[in-house]
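# Working through the structure, step by step
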Amino acid sequence: MKILFNPYATKSDIRELMGGGRWTSVSKVFEACKKLENDPLNIRPNKVPSQLVFKVLGLNYSFAVKQYKEQNSTLIKETGELSI
């Protein structure tokens, strides 16, 4: 889940985080993040800060990273490989 490790997220990243949600729902989350970002120059028109995506969705970023690392450490122990 690359949204955890990239500072900015696209609509596709948001959709992946939402588990393949409808594009209209993804667009609403994206627009809410754009409003919170409050960037008057709109330097990145197709990206929003990843931290804001988690905030809008009501998810704890630190907890998500912890779960991801735990899941992958378990996977490494079982298969001997890291899946990204």
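As a starting point, this report considers the structure included with it. Because the structure is predicted, anything quoted here is derived from the model rather than measured.

## Details of the pattern of salt bridges
Counted by the stated rule, this structure contains three salt bridges. Between Lys-2 and Asp-13 there is a salt bridge whose closest N-O contact spans 3.7 Å. Placement of Lys-2 in the segment before β1 (8-9) and of Asp-13 in helix α1 (residues 11-17) is noted, with a sequence separation of eleven residues between them. Taking relative accessible area as the criterion, Asp-13 reaches 6% and is therefore assigned buried. Between Arg-44 and Glu-37 there is a salt bridge whose closest N-O contact spans 3.1 Å. Residue Glu-37 is classed as buried on the basis of its relative accessible area, which comes to 17%. Among the charged side chains, a salt-bridge network with shared partners connects Lys-34, Glu-37 and Arg-44.

## Focus: unusual backbone geometry
You will see that Asn-38, though not glycine, has its phi angle at about 55°, which is positive. Within the chain, Asn-42 stands out as a residue other than glycine whose phi angle is a positive 50°. In this fold, Asn-42 is placed in the loop between α2 (23-37) and β2 (48-49).

Reading the values: the criteria
Residues numbered from 1 in each chain as written. Predicted model: local features only at pLDDT ≥ 70, side-chain atom pairs only at ≥ 80, totals over all residues. Heavy atoms only, no water. Salt bridge = Lys/Arg side-chain N within 4 Å of Asp/Glu carboxyl O. Helix = DSSP H or I, 4+ residues; strand = E, 2+ residues; numbered from the N terminus. Buried < 20%, exposed > 50% of the residue type's maximum accessible area, 1.4 Å probe, protein only.

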